[in-house]
Amino acid sequence: MEEQRDQRLWLMAKQRAAFKRNLFGYIVVNLFLWAIWWFTQGEEYLEDRQGIPWPLWVMLGWGLGLAFHYFRAYQGTKHDLTEQEYQKLKQQQKL
């Protein structure tokens, strides 16, 4: 049983490390994309204010995936959530 718990902790640590790498990549790539946009269309956009800057779509799409990655890494897996609910029900039944 102890080995199983260590394995779960190792898996959680790997998921959290992967999330941090993904977050770093998200920040770096999006800064680069916004810089490209700024130097190619940014000043025109400030004058005309037409449309939505295209890097925003990249940020939103990737950000949604990043949010799901965060939830899985820090809030637990489906199995963990099921186990938590089971423990709650077990405690209520004792009362």
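Along each chain, the written sequence defines residue order, and numbers are assigned to residues from 1. With the structure being a predicted model, the display of local features is reserved for residues of pLDDT at least 70 and the display and counting of side-chain atom pairs for 80 or more, all residues being used for whole-chain, interface and lining totals. Side-chain figures throughout are based on the complete set of non-hydrogen atoms in the structure, without hydrogens or water.

*Asks:* Just to check I follow, could you spell out the overall build of the protein chain for this structure?
*Replies:* Secondary structure elements are taken from DSSP: a helix is a run of H or I of four residues or more, a strand is a run of E of two residues or more, and numbering for both begins at the N terminus. Within the protein chain, the regular secondary structure consists of three helices and zero strands. Along the protein chain, from the amino end to the carboxyl end, the secondary structure elements read α-α-α. For 95 residues, the compact-globule estimate of 2.2 N^0.38 gives 12 Å, and the C-alpha radius of gyration of the protein chain, at 21 Å, exceeds that figure by more than 25%. In the protein chain, buried positions account for 14% of the 95 residues. For the radius of gyration, the atoms used are the C-alpha atoms, and the globule rule reads 2.2 Å times the number of residues raised to 0.38. Relative accessibility decides the category of a residue: with a 1.4 Å probe and only protein chains considered, values under 20% of the type maximum give buried, values over 50% give exposed, and everything between is partly exposed.

*Asks:* I keep staring at a negative patch on the surface and nothing clicks. Help me out?
*Replies:* Each patch is assembled from residues with relative accessible area greater than 30% and no salt bridge, linking like charges that lie within 9 Å and nonpolar side chains (Val, Leu, Ile, Met, Phe, Trp, Tyr) that lie within 5 Å. Under the convention used here, a 1.4 Å probe and the Shrake-Rupley method define accessible areas, while residue burial counts only the protein chains that appear. Put simply, a salt bridge is a Lys or Arg side-chain nitrogen that is within 4 Å of an Asp or Glu carboxyl oxygen. Charge convention: Lys and Arg are scored as positive, Asp and Glu as negative, and His as well as the terminal groups of each chain are ignored. Here the site of a charge means NZ on Lys, CZ on Arg, CG on Asp, or CD on Glu. A contiguous patch of negative charge, built from Glu43, Glu44, Glu47 and Asp48, is present on the exposed surface. With respect to the secondary-structure elements, glutamate 44 resides in helix α1 (residues 2-48). Residue glutamate 44 is classed as partly exposed on the basis of its relative accessible area of 49%.

*Asks:* What is the right way to read a nonpolar patch on the surface from this model?
*Replies:* Residues Phe32, Ile36, Ile52, Trp54, Leu56, Trp57 and Leu60 make up a contiguous nonpolar surface patch of about 700 Å² in total accessible area. Secondary structure elements with two or more residues in the nonpolar patch: α1 and α2 (55-75). Of all the elements, α2 adds the most residues to the nonpolar patch, at three residues. Checked against the element boundaries, tryptophan 54 lands in the loop between α1 and α2. Tryptophan 54 sits in the partly exposed class, given a relative accessible area of 33%.

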